[in-house]
Amino acid sequence: MDIKRVATDAVNETIVMTVVHMDYKGQVAKRINEKMPLATVKGFRKGQVPKDLVEKQYGKAIKQEEVQKVVDLALERFVQSERLNLLGTPLAKVNENFDWDAEELTFEYEIGLVPNFEIDLEAKNNIVKYIVTADDKLIDGQVERIQKQFGKAIPQDKVEADSDLTGTFSNEEKGINNTTTISVSTFNKKAGDKFIGKKVGDVVTVSTKGLFEDDHQLMDYLKVAHDDVHGLDIEVNFTIEAINGAELAELNQELFDKLFGEGKVASLEDLKSKIKEDAEAQFAQQADQKLLLDVQDFLIENTKFDLPAEFLKKWLQTVGEKKLSAEEAEVEYARSEKGLRFQLIEGKAMAQSNIQITFEDLKAFTTNAIRQQMAQFGQTNPTDEEVQGIVARVLSNQEEVKRLSEQVVAEKLLEVFKEKANPTTKEVTYEEFIAASYGE
(Lines give C-alpha, C1' and ligand atoms only; values in the text may rest on other atoms or scores of the structure.)
Protein backbone atom coordinates (compact mmCIF):
# COMPACT_ATOMS: atom_id res chain seq x y z
CA MET A 1 0.00 0.00 0.00
CA ASP A 2 1.13 3.51 -0.79
CA ILE A 3 -0.01 6.30 1.54
CA LYS A 4 0.91 9.97 1.49
CA ARG A 5 -0.18 13.46 2.55
CA VAL A 6 -1.00 16.17 0.03
CA ALA A 7 -1.15 19.68 1.50
CA THR A 8 -3.74 22.20 0.34
CA ASP A 9 -2.59 24.86 2.82
CA ALA A 10 -1.26 25.02 6.39
CA VAL A 11 -4.44 23.60 7.95
CA ASN A 12 -5.96 21.47 5.17
CA GLU A 13 -4.52 18.26 3.72
CA THR A 14 -5.63 15.14 1.89
CA ILE A 15 -4.42 11.66 2.80
CA VAL A 16 -4.18 9.57 -0.38
CA MET A 17 -4.05 5.78 -0.10
CA THR A 18 -3.47 3.37 -2.98
CA VAL A 19 -4.51 -0.20 -2.21
CA VAL A 20 -3.29 -3.08 -4.40
CA HIS A 21 -4.46 -6.69 -4.69
CA MET A 22 -1.76 -7.99 -2.36
CA ASP A 23 -3.10 -5.85 0.50
CA TYR A 24 -6.38 -7.74 0.77
CA LYS A 25 -6.43 -10.87 -1.40
CA GLY A 26 -5.48 -13.26 1.42
CA GLN A 27 -8.27 -12.15 3.69
CA VAL A 28 -10.80 -12.17 0.84
CA ALA A 29 -9.83 -15.77 -0.07
CA LYS A 30 -10.19 -16.79 3.57
CA ARG A 31 -13.67 -15.24 3.77
CA ILE A 32 -14.72 -17.01 0.50
CA ASN A 33 -13.58 -20.38 1.90
CA GLU A 34 -15.50 -19.72 5.11
CA LYS A 35 -18.57 -18.86 3.07
CA MET A 36 -18.60 -21.99 0.91
CA PRO A 37 -20.15 -24.44 3.46
CA LEU A 38 -22.93 -21.90 4.09
CA ALA A 39 -23.59 -20.64 0.56
CA THR A 40 -26.97 -21.29 -1.07
CA VAL A 41 -27.42 -21.04 -4.83
CA LYS A 42 -30.49 -22.30 -6.69
CA GLY A 43 -29.82 -25.73 -8.22
CA PHE A 44 -27.15 -26.73 -5.68
CA ARG A 45 -27.37 -28.27 -2.25
CA LYS A 46 -26.10 -26.19 0.65
CA GLY A 47 -22.32 -26.63 0.92
CA GLN A 48 -22.03 -28.04 -2.63
CA VAL A 49 -21.93 -24.73 -4.51
CA PRO A 50 -18.84 -24.43 -6.81
CA LYS A 51 -16.29 -21.90 -5.64
CA ASP A 52 -16.54 -19.74 -8.76
CA LEU A 53 -20.28 -19.30 -8.15
CA VAL A 54 -19.68 -18.40 -4.49
CA GLU A 55 -17.12 -15.81 -5.58
CA LYS A 56 -19.55 -14.44 -8.18
CA GLN A 57 -22.39 -14.11 -5.66
CA TYR A 58 -20.51 -12.92 -2.57
CA GLY A 59 -17.04 -11.91 -3.73
CA LYS A 60 -17.69 -8.23 -4.47
CA ALA A 61 -19.30 -7.51 -1.09
CA ILE A 62 -16.55 -9.43 0.74
CA LYS A 63 -13.87 -7.58 -1.17
CA GLN A 64 -15.39 -4.20 -0.34
CA GLU A 65 -15.64 -5.11 3.36
CA GLU A 66 -12.04 -6.34 3.56
CA VAL A 67 -10.62 -3.41 1.60
CA GLN A 68 -12.43 -1.00 3.91
CA LYS A 69 -10.93 -2.77 6.93
CA VAL A 70 -7.46 -2.44 5.42
CA VAL A 71 -8.04 1.25 4.66
CA ASP A 72 -9.45 2.05 8.12
CA LEU A 73 -6.54 0.37 9.91
CA ALA A 74 -3.94 1.97 7.63
CA LEU A 75 -5.53 5.40 8.11
CA GLU A 76 -5.51 5.07 11.91
CA ARG A 77 -1.88 3.94 11.98
CA PHE A 78 -0.81 6.66 9.55
CA VAL A 79 -2.39 9.41 11.64
CA GLN A 80 -0.59 8.04 14.70
CA SER A 81 2.78 7.56 13.00
CA GLU A 82 2.69 11.04 11.47
CA ARG A 83 1.58 12.46 14.83
CA LEU A 84 -1.10 14.49 13.14
CA ASN A 85 -2.92 16.91 15.42
CA LEU A 86 -6.39 16.82 13.89
CA LEU A 87 -9.48 18.94 14.23
CA GLY A 88 -12.45 16.63 13.76
CA THR A 89 -11.87 13.26 12.09
CA PRO A 90 -10.84 12.34 8.52
CA LEU A 91 -13.62 12.69 5.93
CA ALA A 92 -13.70 10.32 2.94
CA LYS A 93 -13.94 12.06 -0.41
CA VAL A 94 -16.86 10.69 -2.40
CA ASN A 95 -16.00 9.37 -5.88
CA GLU A 96 -19.16 8.64 -7.85
CA ASN A 97 -17.13 6.80 -10.53
CA PHE A 98 -15.12 4.59 -8.18
CA ASP A 99 -14.15 1.31 -9.90
CA TRP A 100 -13.92 -1.63 -7.50
CA ASP A 101 -12.52 -3.82 -10.30
CA ALA A 102 -9.46 -1.63 -10.88
CA GLU A 103 -6.00 -3.06 -10.23
CA GLU A 104 -5.24 -0.19 -7.88
CA LEU A 105 -7.88 1.29 -5.59
CA THR A 106 -7.31 4.89 -4.54
CA PHE A 107 -8.97 6.39 -1.47
CA GLU A 108 -8.76 10.03 -0.39
CA TYR A 109 -9.51 11.50 3.03
CA GLU A 110 -9.72 15.19 3.84
CA ILE A 111 -8.24 16.24 7.18
CA GLY A 112 -8.21 19.50 9.12
CA LEU A 113 -5.09 20.29 11.16
CA VAL A 114 -4.66 22.22 14.39
CA PRO A 115 -2.97 25.48 13.35
CA ASN A 116 0.56 26.32 14.45
CA PHE A 117 0.62 29.59 16.39
CA GLU A 118 2.12 31.31 19.41
CA ILE A 119 0.40 33.39 22.08
CA ASP A 120 1.78 36.38 23.96
CA LEU A 121 0.31 36.44 27.45
CA GLU A 122 2.34 39.55 28.26
CA ALA A 123 1.16 41.61 25.28
CA LYS A 124 0.10 45.20 26.00
CA ASN A 125 -3.58 45.29 26.94
CA ASN A 126 -6.29 47.35 28.60
CA ILE A 127 -7.51 44.55 30.88
CA VAL A 128 -8.67 45.60 34.35
CA LYS A 129 -8.59 43.41 37.46
CA TYR A 130 -11.40 44.71 39.66
CA ILE A 131 -11.25 44.74 43.46
CA VAL A 132 -14.92 44.96 44.39
CA THR A 133 -15.80 46.45 47.78
CA ALA A 134 -19.07 46.33 49.68
CA ASP A 135 -20.00 49.95 50.42
CA ASP A 136 -22.31 51.23 53.17
CA LYS A 137 -25.30 51.38 50.80
CA LEU A 138 -24.99 47.71 49.90
CA ILE A 139 -24.38 46.62 53.50
CA ASP A 140 -27.31 48.63 54.85
CA GLY A 141 -29.53 47.18 52.12
CA GLN A 142 -28.50 43.66 53.10
CA VAL A 143 -29.23 44.40 56.78
CA GLU A 144 -32.71 45.56 55.79
CA ARG A 145 -33.25 42.43 53.66
CA ILE A 146 -32.31 40.26 56.65
CA GLN A 147 -34.77 42.16 58.83
CA LYS A 148 -37.52 41.74 56.24
CA GLN A 149 -36.74 38.04 55.70
CA PHE A 150 -36.98 37.26 59.42
CA GLY A 151 -39.67 39.80 60.18
CA LYS A 152 -43.44 39.43 60.16
CA ALA A 153 -45.25 39.45 56.81
CA ILE A 154 -48.22 41.83 56.63
CA PRO A 155 -50.68 41.15 53.76
CA GLN A 156 -51.40 44.15 51.51
CA ASP A 157 -54.31 44.83 49.14
CA LYS A 158 -52.15 46.38 46.46
CA VAL A 159 -48.47 46.65 45.57
CA GLU A 160 -46.42 49.44 47.16
CA ALA A 161 -42.78 50.41 46.60
CA ASP A 162 -41.60 48.35 49.59
CA SER A 163 -43.84 45.31 48.95
CA ASP A 164 -42.68 41.72 48.68
CA LEU A 165 -44.37 39.80 45.88
CA THR A 166 -44.93 36.08 45.56
CA GLY A 167 -45.73 34.98 42.05
CA THR A 168 -44.69 33.10 38.93
CA PHE A 169 -42.41 34.24 36.12
CA SER A 170 -43.37 32.60 32.82
CA ASN A 171 -42.39 32.55 29.17
CA GLU A 172 -43.71 29.54 27.28
CA GLU A 173 -41.31 29.83 24.34
CA LYS A 174 -38.22 29.78 26.58
CA GLY A 175 -39.67 27.23 29.00
CA ILE A 176 -39.60 29.65 31.94
CA ASN A 177 -42.09 28.81 34.70
CA ASN A 178 -40.74 29.64 38.14
CA THR A 179 -42.56 30.62 41.33
CA THR A 180 -40.58 32.93 43.61
CA THR A 181 -40.77 35.71 46.17
CA ILE A 182 -39.19 39.02 45.22
CA SER A 183 -39.16 42.59 46.54
CA VAL A 184 -40.33 45.37 44.24
CA SER A 185 -37.07 47.18 45.02
CA THR A 186 -35.09 44.28 43.51
CA PHE A 187 -36.29 45.25 40.01
CA ASN A 188 -34.85 48.22 38.17
CA LYS A 189 -36.98 51.34 38.71
CA LYS A 190 -38.70 51.20 35.32
CA ALA A 191 -39.83 47.60 35.84
CA GLY A 192 -40.64 48.12 39.53
CA ASP A 193 -42.95 51.04 38.72
CA LYS A 194 -45.09 48.71 36.58
CA PHE A 195 -46.09 46.79 39.72
CA ILE A 196 -47.15 49.73 41.84
CA GLY A 197 -50.91 49.58 42.50
CA LYS A 198 -51.36 46.07 41.09
CA LYS A 199 -53.39 43.44 42.96
CA VAL A 200 -53.34 39.68 43.48
CA GLY A 201 -54.20 37.96 40.20
CA ASP A 202 -52.81 40.73 38.01
CA VAL A 203 -50.21 39.83 35.37
CA VAL A 204 -47.32 42.24 34.75
CA THR A 205 -45.16 41.91 31.63
CA VAL A 206 -41.51 42.98 31.91
CA SER A 207 -38.39 42.68 29.76
CA THR A 208 -35.47 40.59 31.02
CA LYS A 209 -32.98 43.08 29.53
CA GLY A 210 -31.77 45.18 32.47
CA LEU A 211 -34.51 43.76 34.70
CA PHE A 212 -32.07 43.50 37.61
CA GLU A 213 -28.91 45.31 38.64
CA ASP A 214 -26.99 42.08 38.02
CA ASP A 215 -28.03 39.82 35.11
CA HIS A 216 -27.00 36.81 37.21
CA GLN A 217 -30.15 37.42 39.29
CA LEU A 218 -32.11 35.98 36.35
CA MET A 219 -30.66 32.63 37.42
CA ASP A 220 -32.16 33.00 40.91
CA TYR A 221 -35.58 34.42 40.10
CA LEU A 222 -36.33 32.99 36.64
CA LYS A 223 -34.11 29.85 36.80
CA VAL A 224 -32.40 30.84 33.56
CA ALA A 225 -29.21 28.87 32.81
CA HIS A 226 -25.93 30.74 33.26
CA ASP A 227 -25.03 30.44 29.58
CA ASP A 228 -28.28 32.22 28.64
CA VAL A 229 -28.13 35.02 31.20
CA HIS A 230 -25.96 37.61 29.49
CA GLY A 231 -27.78 39.61 26.89
CA LEU A 232 -31.11 37.78 27.35
CA ASP A 233 -33.76 40.08 25.91
CA ILE A 234 -37.25 38.58 26.08
CA GLU A 235 -40.56 39.48 27.69
CA VAL A 236 -41.77 37.49 30.71
CA ASN A 237 -45.07 37.57 32.57
CA PHE A 238 -45.22 37.78 36.35
CA THR A 239 -48.52 36.57 37.83
CA ILE A 240 -49.01 38.08 41.30
CA GLU A 241 -50.16 35.49 43.85
CA ALA A 242 -49.48 37.30 47.14
CA ILE A 243 -48.54 40.84 48.25
CA ASN A 244 -46.91 41.47 51.61
CA GLY A 245 -45.33 44.28 53.52
CA ALA A 246 -43.04 43.50 56.42
CA GLU A 247 -42.64 44.32 60.08
CA LEU A 248 -38.86 44.34 60.35
CA ALA A 249 -37.24 41.84 62.71
CA GLU A 250 -35.38 43.24 65.71
CA LEU A 251 -31.59 43.06 65.42
CA ASN A 252 -30.89 41.09 68.59
CA GLN A 253 -28.71 38.21 69.76
CA GLU A 254 -31.43 35.65 69.00
CA LEU A 255 -31.43 36.69 65.32
CA PHE A 256 -27.62 36.85 65.14
CA ASP A 257 -27.31 33.32 66.57
CA LYS A 258 -29.95 32.02 64.15
CA LEU A 259 -28.03 33.46 61.20
CA PHE A 260 -24.42 32.69 62.09
CA GLY A 261 -24.31 30.31 65.04
CA GLU A 262 -24.17 30.99 68.73
CA GLY A 263 -21.95 33.88 69.79
CA LYS A 264 -20.26 34.48 66.41
CA VAL A 265 -21.97 37.85 65.87
CA ALA A 266 -22.85 40.02 68.87
CA SER A 267 -23.71 43.47 67.52
CA LEU A 268 -24.88 45.44 64.51
CA GLU A 269 -21.24 46.35 63.89
CA ASP A 270 -20.31 42.64 63.87
CA LEU A 271 -23.22 41.92 61.53
CA LYS A 272 -22.13 44.56 59.05
CA SER A 273 -18.54 43.31 59.22
CA LYS A 274 -19.73 39.76 58.50
CA ILE A 275 -21.93 40.91 55.60
CA LYS A 276 -18.98 42.87 54.15
CA GLU A 277 -16.63 39.88 54.46
CA ASP A 278 -19.07 37.42 52.83
CA ALA A 279 -20.10 39.85 50.10
CA GLU A 280 -16.55 40.73 49.12
CA ALA A 281 -15.59 37.04 48.97
CA GLN A 282 -18.47 36.51 46.53
CA PHE A 283 -17.55 39.64 44.57
CA ALA A 284 -13.96 38.41 44.27
CA GLN A 285 -15.23 35.29 42.50
CA GLN A 286 -17.32 37.40 40.11
CA ALA A 287 -14.36 39.71 39.46
CA ASP A 288 -12.13 36.72 38.72
CA GLN A 289 -14.72 35.40 36.28
CA LYS A 290 -14.87 38.76 34.51
CA LEU A 291 -11.08 38.91 34.37
CA LEU A 292 -10.96 35.44 32.83
CA LEU A 293 -13.58 36.38 30.23
CA ASP A 294 -11.79 39.64 29.42
CA VAL A 295 -8.47 37.84 28.98
CA GLN A 296 -10.18 35.23 26.80
CA ASP A 297 -11.64 37.93 24.57
CA PHE A 298 -8.29 39.72 24.38
CA LEU A 299 -6.40 36.55 23.44
CA ILE A 300 -8.98 35.54 20.84
CA GLU A 301 -8.85 39.01 19.29
CA ASN A 302 -5.06 39.26 19.32
CA THR A 303 -4.00 35.68 18.56
CA LYS A 304 -4.39 35.27 14.83
CA PHE A 305 -4.50 31.87 13.13
CA ASP A 306 -6.46 30.16 10.38
CA LEU A 307 -8.88 27.32 11.00
CA PRO A 308 -9.89 24.69 8.41
CA ALA A 309 -13.33 26.29 8.36
CA GLU A 310 -14.83 24.62 5.27
CA PHE A 311 -13.57 21.22 6.38
CA LEU A 312 -15.07 21.68 9.85
CA LYS A 313 -18.43 22.71 8.39
CA LYS A 314 -18.51 19.51 6.32
CA TRP A 315 -17.41 17.48 9.33
CA LEU A 316 -20.17 18.98 11.48
CA GLN A 317 -22.72 17.58 9.03
CA THR A 318 -21.56 14.03 9.79
CA VAL A 319 -21.29 13.95 13.59
CA GLY A 320 -23.98 13.68 16.21
CA GLU A 321 -27.20 11.70 16.26
CA LYS A 322 -28.95 14.20 14.00
CA LYS A 323 -27.20 14.86 10.72
CA LEU A 324 -27.02 18.55 9.86
CA SER A 325 -27.72 20.20 6.55
CA ALA A 326 -25.06 22.46 5.04
CA GLU A 327 -27.02 25.51 6.26
CA GLU A 328 -27.36 24.10 9.79
CA ALA A 329 -23.64 23.25 9.89
CA GLU A 330 -22.83 26.84 8.84
CA VAL A 331 -24.87 28.15 11.78
CA GLU A 332 -23.33 25.64 14.20
CA TYR A 333 -19.80 26.54 13.10
CA ALA A 334 -20.46 30.26 13.56
CA ARG A 335 -21.84 29.52 17.05
CA SER A 336 -18.89 27.38 18.15
CA GLU A 337 -15.93 29.03 16.39
CA LYS A 338 -15.05 31.39 19.24
CA GLY A 339 -15.13 28.54 21.76
CA LEU A 340 -12.93 26.40 19.52
CA ARG A 341 -10.42 29.20 19.10
CA PHE A 342 -10.15 29.71 22.84
CA GLN A 343 -9.91 25.96 23.43
CA LEU A 344 -6.83 25.92 21.19
CA ILE A 345 -5.41 29.06 22.84
CA GLU A 346 -6.06 27.55 26.27
CA GLY A 347 -4.17 24.40 25.33
CA LYS A 348 -1.25 26.46 24.04
CA ALA A 349 -1.23 28.58 27.22
CA MET A 350 -1.14 25.46 29.36
CA ALA A 351 1.75 24.06 27.35
CA GLN A 352 3.70 27.36 27.39
CA SER A 353 3.18 27.71 31.16
CA ASN A 354 3.77 24.01 31.85
CA ILE A 355 0.38 23.64 33.53
CA GLN A 356 -0.59 20.07 34.34
CA ILE A 357 -3.68 18.77 36.12
CA THR A 358 -3.13 15.92 38.58
CA PHE A 359 -5.69 13.80 40.37
CA GLU A 360 -4.64 15.46 43.62
CA ASP A 361 -5.43 18.87 42.10
CA LEU A 362 -8.88 17.62 41.11
CA LYS A 363 -9.49 16.03 44.51
CA ALA A 364 -8.44 19.17 46.40
CA PHE A 365 -10.63 21.40 44.21
CA THR A 366 -13.64 19.07 44.64
CA THR A 367 -13.11 18.88 48.41
CA ASN A 368 -13.11 22.67 48.70
CA ALA A 369 -16.22 22.96 46.50
CA ILE A 370 -18.08 20.36 48.59
CA ARG A 371 -17.21 22.14 51.85
CA GLN A 372 -18.47 25.44 50.41
CA GLN A 373 -21.74 23.84 49.29
CA MET A 374 -22.26 22.20 52.67
CA ALA A 375 -21.62 25.53 54.43
CA GLN A 376 -24.31 27.16 52.29
CA PHE A 377 -26.79 24.62 53.65
CA GLY A 378 -25.75 25.18 57.26
CA GLN A 379 -23.25 22.32 57.63
CA THR A 380 -20.32 24.44 58.74
CA ASN A 381 -18.23 21.73 60.41
CA PRO A 382 -18.57 18.46 58.46
CA THR A 383 -16.10 15.69 59.31
CA ASP A 384 -13.32 14.78 56.88
CA GLU A 385 -14.91 11.36 56.51
CA GLU A 386 -18.25 12.89 55.44
CA VAL A 387 -16.61 15.21 52.92
CA GLN A 388 -14.31 12.58 51.41
CA GLY A 389 -17.25 10.19 51.03
CA ILE A 390 -19.07 12.78 48.93
CA VAL A 391 -15.88 13.59 46.99
CA ALA A 392 -15.40 9.91 46.14
CA ARG A 393 -18.97 9.64 44.83
CA VAL A 394 -18.61 12.81 42.75
CA LEU A 395 -15.32 11.70 41.21
CA SER A 396 -16.79 8.32 40.25
CA ASN A 397 -18.99 10.16 37.73
CA GLN A 398 -17.09 10.78 34.49
CA GLU A 399 -19.28 13.72 33.50
CA GLU A 400 -18.57 15.39 36.85
CA VAL A 401 -14.85 14.69 36.50
CA LYS A 402 -14.87 16.38 33.08
CA ARG A 403 -16.79 19.39 34.38
CA LEU A 404 -14.59 19.79 37.46
CA SER A 405 -11.40 19.31 35.44
CA GLU A 406 -12.42 22.22 33.22
CA GLN A 407 -12.91 24.36 36.34
CA VAL A 408 -9.47 23.38 37.70
CA VAL A 409 -7.88 24.30 34.35
CA ALA A 410 -9.71 27.66 34.39
CA GLU A 411 -8.52 28.33 37.94
CA LYS A 412 -4.88 27.56 37.12
CA LEU A 413 -5.01 29.59 33.92
CA LEU A 414 -6.52 32.51 35.83
CA GLU A 415 -3.48 32.58 38.10
CA VAL A 416 -1.18 32.56 35.05
CA PHE A 417 -3.21 35.34 33.41
CA LYS A 418 -3.07 37.46 36.58
CA GLU A 419 0.69 37.13 36.62
CA LYS A 420 1.55 37.29 32.91
CA ALA A 421 -1.18 39.57 31.52
CA ASN A 422 -0.35 42.14 34.23
CA PRO A 423 -3.83 43.71 34.32
CA THR A 424 -4.46 47.15 35.80
CA THR A 425 -5.95 46.90 39.31
CA LYS A 426 -8.96 49.07 40.08
CA GLU A 427 -11.02 49.25 43.27
CA VAL A 428 -14.75 49.77 42.70
CA THR A 429 -18.10 49.41 44.44
CA TYR A 430 -20.39 46.60 43.37
CA GLU A 431 -22.62 49.05 41.47
CA GLU A 432 -19.57 50.33 39.57
CA PHE A 433 -18.47 46.77 38.84
CA ILE A 434 -21.90 45.90 37.42
CA ALA A 435 -21.81 49.02 35.24
CA ALA A 436 -18.34 48.05 33.96
CA SER A 437 -19.48 44.48 33.33
CA TYR A 438 -22.74 45.15 31.54
CA GLY A 439 -22.40 48.73 30.32
CA GLU A 440 -25.22 50.00 32.46
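Just so we're clear, the structure is a prediction, and the values are computed from it rather than from any experiment.

Definitions and cut-offs
Residues numbered from 1 in each chain as written. Predicted model: local features only at pLDDT ≥ 70, side-chain atom pairs only at ≥ 80, totals over all residues. Heavy atoms only, no water. Helix = DSSP H or I, 4+ residues; strand = E, 2+ residues; numbered from the N terminus. Rg over C-alpha atoms; globule rule 2.2 N^0.38 Å. Buried < 20%, exposed > 50% of the residue type's maximum accessible area, 1.4 Å probe, protein only. Areas by Shrake-Rupley, 256 points an atom, 1.4 Å probe, with all protein chains shown as cover. Pairing = 2+ DSSP bridges. Axes fitted to C-alpha atoms, helices over the stretch in contact; angles between N-to-C directions. Contact = heavy atoms within 4.5 Å. 1 Å grid on protein atoms, 1.4 Å probe; cavity = no way out; pocket = protein on both sides within 12 Å on 5 of 7 lines; lining within 4 Å. Points joined across faces, edges and corners; volume = space filled by probe spheres on them. Nonpolar A, V, L, I, M, F, W, Y, C, P; charged D, E, K, R; others polar. Bend = angle between axes of the 7 residues up to and from the residue. Salt bridge = Lys/Arg side-chain N within 4 Å of Asp/Glu carboxyl O. Core = buried A, V, L, I, M, F, W, Y, C linked by side-chain atoms within 4.5 Å.

Asks: What am I meant to see in the overall build of the chain here?
Replies: For the chain, the helix and strand inventory stands at 14 helices and 11 strands. Since a compact globule built from 440 residues should have a radius of gyration of about 22 Å, the 32 Å found for the chain marks it as more spread out than a globular shape. Across the 440 residues in the chain, those meeting the buried criterion constitute 36%. Accessible area for the chain stands at about 26900 Å²; split by element, carbon and sulfur atoms hold 47% of it.

Asks: Before we go on, may I ask you to explain the sheet that holds strand E2 (residues 12-20) in this structure?
Replies: Neighbouring strands of a sheet are bound in pairs by backbone hydrogen bonds; such pairs are parallel or else antiparallel. Read from one edge to the other, the open sheet built from 4 strands follows the order E1-E2-E4-E3, with strand pairing classed as antiparallel. The two strands at the open ends of the sheet, each matched to only one other strand, are strand E1 (2-9) and strand E3 (86-92). If you compare each strand with its neighbour and ignore which way they point, the axes differ by 20° on average. Where E3 meets strand E4 (residues 104-113), 4 bridges bridge the pair, whose relative direction is antiparallel. Paired with Leu 87 across the strands is Gly 112, a residue of E4. Where helix H9 (residues 309-316) meets the sheet, it contacts E2, E3 and E4, and its direction lies at approximately 70° from that of E3.

Asks: Is there a simple way to think about the side chain of Lys 313 in this case?
Replies: Summarising the element assignment, Lys 313 is placed in helix H9. For Lys 313, a relative accessible area of 12% translates into the label buried. Beyond its immediate chain neighbours, meaning those up to four positions away, Lys 313 contacts Ala 329, Glu 330 and Tyr 333.

Asks: Would you take a moment to explain the layout of surface pockets for this structure?
Replies: If you roll a probe as big as a water molecule over the atoms, it shows you where there is empty space left. Computed from the structure, the second largest pocket encloses a volume of approximately 380 Å³. Taken together, 15 residues form the lining of the second largest pocket, with His 21, Tyr 24, Val 28, Gly 59 and Lys 63 sitting closest to its centre. If you list the elements that add at least two residues to the lining of the second largest pocket, you get helix H1 (25-35) and helix H2 (51-81). If one sorts the elements of the lining of the second largest pocket by residue count, H2 sits on top with 5 residues. Classifying every residue of the lining of the second largest pocket by side-chain character gives 6 nonpolar, 2 polar and 7 charged.

Asks: Any chance you could explain H2 here in plain terms?
Replies: An α-helical turn contains 3.6 residues, so a residue and the one three or four places further along point in the same direction. The sharpest bend along H2 reaches about 60° and sits at Tyr 58. Those residues of H2 that are buried lie in contact with E1, E2, H1, E3 and E4.

Asks: It is not clear to me how the pattern of salt bridges should be interpreted in this structure. Could you clarify?
Replies: Considering all chains together, one arrives at 27 salt bridges under this definition. Measuring nitrogen to oxygen at the nearest pair gives 2.6 Å for the salt bridge that ties Arg 403 to Glu 400. Pair noted here: Arg 403 and Glu 400 are both in helix H13 (residues 398-420), with a separation of 3 residues, about one helical turn. Linked by salt bridges that have partners in common, Arg 31, Glu 65, Glu 66 and Lys 69 make up one network.

Asks: Whenever I open this one, unusual backbone geometry confuses me. Can you help?
Replies: What you tend to see is this: most non-glycine residues have negative phi, and most peptide bonds are trans. Although it is not a glycine, Lys 223 adopts a positive phi angle of roughly 60°. Mapped onto the elements, Lys 223 comes out in the loop between helix H5 (217-221) and helix H6 (226-229). Phi at Asn 422 is positive, roughly 50°, even though this residue is not glycine. Mapping Asn 422 onto the fold places it in the loop between H13 and strand E11 (424-429).

Asks: Where do I start with the nonpolar core in this structure?
Replies: Across soluble globular proteins, you tend to see nonpolar side chains buried next to one another. Counting residues in each nonpolar core, the largest one holds 32 residues, and the members touching the most others are Leu 299, Leu 307, Leu 312, Leu 344, Ile 345, Leu 413 and Phe 417. For this core, the secondary-structure elements that each account for two or more residues are E3, helix H8 (268-302), H9, helix H10 (326-352) and H13. With 8 residues, H10 is the largest single contributor of residues to this core. Discounting residues that sit within four places of it in the chain, Leu 307 has contacts with Val 11, Leu 87, Pro 115, Tyr 333, Glu 337, Leu 340, Arg 341 and Leu 344. Among the nonpolar cores identified, the runner-up in size contains 25 residues, and Val 49, Val 79, Tyr 109 and Ile 111 belong to it.

Interpretation note: all reported values are geometric properties and have no functional meaning in isolation.
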